[in-house]
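Examining the three-dimensional arrangement
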Amino acid sequence: MAEAGSFAEKVKQQADIVRVIGEYVRLRKTGQNFTGLCPFHQEKTPSFAVHPLRQIYHCFGCGAGGDVFKFVMEVDKCPFPEAVRTVAEKCGIAIPRPPERSPEERRENQQRSALVEMHGEAATFFSRQLHEGAEGKVAMAYLEDRGLDREAMKRFGLGFAPFSGDALRRHLKSKYPEKLLEASGLFSRDQSGRLYDRFRRRIMFPIANDAGKIIAFGGRAMGDDMPKYLNSPESPIYSKSNVLYHLDRAKEALRRNDFAILVEGYMDAIAVARAGIANVVASCGTSLAEPQIKLLARFTHRVVVNYDPDTAGQAATERSLALLLEKEFDVRVLALPGNADPDKFLKEQGAAAYGKLLAQAPPYLDYLIARARRMDRSTAEGKLAALNFLMPYLQRLPNKLLRSEWASRIASELRVDEPVLREALRRAAAERRSEVKPKTELLVPPIRPAERRLMRMLVEAEGFREKLGEMLAAEALHRGLETERIFDALISKVGEHPDAATLAAALEDRDRRVLFEVLFEEAEEATWEEAESCLAVLRSRSVENELAELQKKIEAKAAPTELNRLLARRLELQKILAQR
Ligand SMILES: [Zn+2]
């Protein structure tokens, strides 16, 4: 798809597939390749592999595979040109000029970049107000009182929005048209139609997208002003359900540790990160939205939820946690003693105590069972209520085996008859919407080692691949093989030294899968002797096939002259075979 000389071709040559895929999948080096959990099907053990030399990926489970662009197209569900742009951006390759867009699209893009720039300037403005402004002193004292030093305030970009209600507007109005100021969400209109600062006398937390660009703010009231937290409204650059606070700084640690600590608020995330635990993100609210879960899933599928367990938003909390379970996240719950929030606990008990509890955080269902056990279960109704409390969570487990294991656990912990529970579960399961089926299993037939080796030689045996291709073609040794089409493709391109992904583009999915599996095998460099012995295997096979055909014809009682010819040919072939 990447034509020679095109921008896509240039990007492909410079891009590092391991780095790009590494942003979506946690990859581990195994031998010459990298492996991880496949993003295209649900799995617990890695069958997804990335080949750094050939710049291809392949899943041995579901058969997904291709080059870096195919990966981005599939994972981001976007068309080819967009995938090229994404890869270029991720690898820091300059994009020559934006592809033709409609004037409207162009305007929207310009507006978005202007808004991002404006937010950057607003963040600098708020920060200066905190550190140098007269009014900022109170905010500074407040933050210091909460245990934040100046270094931490700088590190997390904290700021202060002054009381006047006009300071930010005056600061920005010469540079941005009023329409843009209004679209930013940083301002509101009063009854006379005048714009005024949305955030007044608040401590400002900049909210960045996962690329680290500031796109919104959260403002905490200083005194008793309501609401306690005021956030930017939805804007062309900000959608609350698409952002996790601190994700831009947590990415590395999320991948390294393969789990996320999920907290509620800015101060919690900052406190945990300051304790040296960088893999923390905040949902900024109790209910976690599906896009946020998808965002997190790019980095890890394991979450320790450290929400305040007894907030008013508990129902919302449990809804989001159930959603995590449904998305096959491994969910644990860290409930801090005394209903402390992470910020308070860390201040009082320190990082070591927090780390210890973090390591012991029980699986979510254990936590729920413990809660169900605290319910009054002295009566049959009580037992039923406890069971009904747990059932929705159990139902949401997509994995049947897990569901069954947990059903047994719940039965024994709540002392409910297991058959009763299983019956309830069965009924519930019947109501569950049908599960998403993995991609249809592609059947790869067993392929002779000689075929596998020959395919590989045609791709990489620099010394003799062309000679090998000519011999195969001249003798038609690959005719009738399961791998015939793959050989045809390889032989036809043998002089061009194409890369694996280009070869794959000419193949059907099933054949591409076979070829990639072969290319991912660890193998020693091939020699011409080995090539000859592989060719010999194919020659024997072709003779055997002909013999079998002859035998059929002979048994079908051909006419006498024809029979003589057949018998003579059979003798010839038998001699050839005997010589091997
Ligand atoms: Zn897969």
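These numbers were taken from a predicted model, which means no experiment stands behind them.

Focus: the overall build of the protein
Across its full length, the protein holds 25 helices and 15 strands. Taken over C-alpha atoms, the radius of gyration comes to 32 Å for the protein, far larger than the 25 Å a tight globule of 580 residues would show. Here the C-alpha coordinates of the protein stretch approximately 110 × 70 × 45 Å along the principal axes. Expressed as a percentage of the 580 residues in the protein, the buried residues total 46%. If you take every contact in the protein between residues at least 6 apart in sequence, the share linking residues at least 24 apart comes to 64%. Of the roughly 29400 Å² of accessible surface on the protein, a fraction of 51% belongs to carbon and sulfur atoms. With 91 positive and 85 negative side-chain charges, the protein shows a spacing of 3 Å between the two charge centroids.

Focus: the nonpolar core
Leu158, Tyr245, Ile261 and Tyr354 are the most contacted members of the largest nonpolar core, which totals 65 residues. Take this core: its biggest share by element is 8 residues, from helix H5 (residues 103–131). For this core, the domains that each give at least three residues are domain 2 (103–238) and domain 3 (242–361). The contacts of Tyr354, once residues within four sequence positions are left out, are Ile261, Val272, Ile277, Asn306, Leu334, Leu336, Pro342, Phe345 and Leu346. Membership of the second largest hydrophobic core comes to 45 residues, among which are Ala260, Leu288, Tyr307 and Phe389.

Observations regarding the pattern of salt bridges
According to the stated counting rule, one finds 36 salt bridges in the structure shown. Here Arg274 and Asp149 are joined by a salt bridge, their closest N and O atoms 3.6 Å apart. Highlighted residues: Arg274 in helix H11 (residues 266–274) and Asp149 in the loop between helix H6 (136–145) and helix H7 (150–155), separated in sequence by 125 residues. On the accessibility criterion, Asp149 (34% relative accessible area) is partly exposed. Two residues, Glu546 and Arg569, come together in a salt bridge whose shortest N-O distance is 2.8 Å. One end of the pair, Glu546, is in helix H24 (residues 528–555); the other, Arg569, is in helix H25 (residues 560–579), and 23 residues separate them in sequence. Beyond isolated ion pairs, a larger network of salt bridges with shared partners links Asp366, Arg373, Arg409 and Glu413.

Quick look at the sheet that holds strand S5 (residues 65–66)
Hydrogen bonding along the main chain pairs the strands of a sheet, whether they run parallel or antiparallel. With antiparallel pairing, 5 strands are arranged side by side in an open sheet as S1-S2-S3-S4-S5. Every other strand in the sheet has two partners, leaving strand S1 (28–30) and S5 as the edge strands with one partner each. In terms of strand pairing, S1 meets strand S2 (residues 33–36) through 3 bridges, oriented antiparallel. Counterpart to Arg28 in the pairing with S2 is Thr35. Packed on one face of the sheet, helix H3 (residues 68–76) meets strand S3 (48–51), strand S4 (56–59) and S5 and runs near 50° to S4.

Notes on the domain arrangement of the protein
By convention, interface size is frequently given as the accessible area that disappears when the constituent parts associate. Looking at the protein, the domain boundaries give domain 1 (7–90), domain 2 (103–238), domain 3 (242–361), domain 4 (368–431) and domain 5 (449–579). Each of domain 1 and domain 3 was reduced to a C-alpha centroid, and the two centroids are 28 Å apart. Across the boundary between the two partners, domain 1 contributes 8 residues, which contact 9 residues of domain 3. With both sides pooled, the region where domain 1 packs onto domain 3 buries about 750 Å², and carbon together with sulfur makes up 34% of that total.

Looking at the packing of H5 against H6
Contact geometry for H5 and H6: axes closest at 6 Å, N-to-C directions at 85°. Relative to H6, H5 is oriented roughly perpendicular. Residues Gln129, Leu130 and His131 of H5 form the contact with H6, whose own contacting residues are Gly136, Ala139, Met140 and Leu143. Taken together, the residues of the contact of H5 with H6 break down into 4 nonpolar, 3 polar and no charged.

Focus: helix H20 (residues 465–475)
For H20, every residue scored as buried is listed here: Arg465, Leu468, Gly469 and Leu472. For H20, the arc enclosing every buried residue in end-on projection is 100°, short of the 170-degree limit, so these residues lie on one face. Exposed and oriented more than 90 degrees from the buried face of H20 are Glu470 and Ala474. Lining the buried residues of H20 we find helix H19 (449–460), helix H21 (484–492) and H24. Of the residues trailing H20, Ala476 is marked for its positive phi of about 50°.

Comments concerning the packing of aromatic side chains
A full pass over the atoms with the stated rule returns 16 aromatic pairs. Ring centres of Tyr364 and Tyr367 lie 6.0 Å apart, and the angle between their planes is 20°; on these two criteria the pair is classed as stacked. In this pair, Tyr364 and Tyr367 are both assigned in helix H15 (residues 364–373), 3 residues apart and thus about one turn of the helix distant. By way of ring pairs, the aromatic residues Tyr24, Phe40, Phe48, Tyr57 and Phe71 are connected into one cluster. The residue whose ring lies beneath Arg198 is Phe199, and the NZ or CZ to ring-centre distance is 5.9 Å. Above the face of the Trp528 ring, Lys467 is positioned so that its terminal group lies 3.9 Å from the ring centre.

Things to note about the pairing of strand S14 (residues 302–305)
Both faces of the sheet carry side chains from a regular strand, because those side chains alternate between them. Bridge count between strand S12 (residues 260–263) and S14: 3 bridges; the pairing is parallel. Within the sheet, the bridge partner assigned to Ile261 lies in S14 and is Val304. Note: S14 against strand S15 (residues 330–333), 4 bridges, orientation parallel. Paired with Val305 across the bridge in S15 is Val333.

Brief notes about the coordination of the zinc ion
When four donors bind a metal tetrahedrally, each ideal donor-metal-donor angle is 109.5 degrees, and when six bind octahedrally, the ideal angles are 90 or 180 degrees. Every protein donor of the zinc ion is listed here as Cys38 (SG), His41 (ND1), Cys59 (SG) and Cys62 (SG), and their distances to the metal cover 2.1 to 2.3 Å. The coordination sphere of the zinc ion comprises 4 donor atoms, whose angles at the metal cover 103 to 117°; the geometry is tetrahedral. Ordering the donors of the zinc ion by residue number gives the pattern C-x2-H-x17-C-x2-C. With His41 in the loop between S2 and S3 and Cys59 in strand S4, this residue pair connects regions lying 18 residues apart in the sequence.

Quick notes on the packing of H3 against helix H4 (residues 80–90)
The geometry of H3 relative to H4 is characterised by a closest axis approach of 9 Å and an angle of 110° between their N-to-C directions. In this view, H3 runs roughly perpendicular relative to H4, as classed from their interaxial angle. The residues of H4 that touch H3, namely those facing Val68, Phe69, Val72, Met73 and Asp76, are Phe80, Ala83, Val84, Thr86 and Val87. A class-by-class count of the residues in the contact of H3 with H4 yields 8 nonpolar, 1 polar and 1 charged.

The rules we used
Residues numbered from 1 in each chain as written. Predicted model: local features only at pLDDT ≥ 70, side-chain atom pairs only at ≥ 80, totals over all residues. Heavy atoms only, no water. Helix = DSSP H or I, 4+ residues; strand = E, 2+ residues; numbered from the N terminus. Rg over C-alpha atoms; globule rule 2.2 N^0.38 Å. Buried < 20%, exposed > 50% of the residue type's maximum accessible area, 1.4 Å probe, protein only. Contact = heavy atoms within 4.5 Å. Areas by Shrake-Rupley, 256 points an atom, 1.4 Å probe, with all protein chains shown as cover. Lys, Arg positive; Asp, Glu negative; His and termini not counted. Charge placed at Lys NZ, Arg CZ, Asp CG, Glu CD. Core = buried A, V, L, I, M, F, W, Y, C linked by side-chain atoms within 4.5 Å. Domains from an automatic or database assignment. Salt bridge = Lys/Arg side-chain N within 4 Å of Asp/Glu carboxyl O. Pairing = 2+ DSSP bridges. Axes fitted to C-alpha atoms, helices over the stretch in contact; angles between N-to-C directions. Buried area = accessible area lost by both parts, 1.4 Å probe. Parallel < 35°, antiparallel > 145°, perpendicular 65-115°, else oblique. Nonpolar A, V, L, I, M, F, W, Y, C, P; charged D, E, K, R; others polar. Arc of directions from axis to C-beta. Phe/Tyr/Trp six-rings, centres within 6.5 Å; stacked < 30°, edge-to-face > 60°. Lys NZ or Arg CZ within 6 Å of the ring centre and 35° of its normal. Donors = N, O, S within 2.8 Å, 3.2 Å for Na, K, Ca; no water. Tetrahedral: all angles 85-135°; square planar, octahedral: opposite > 155°, others 65-115°.

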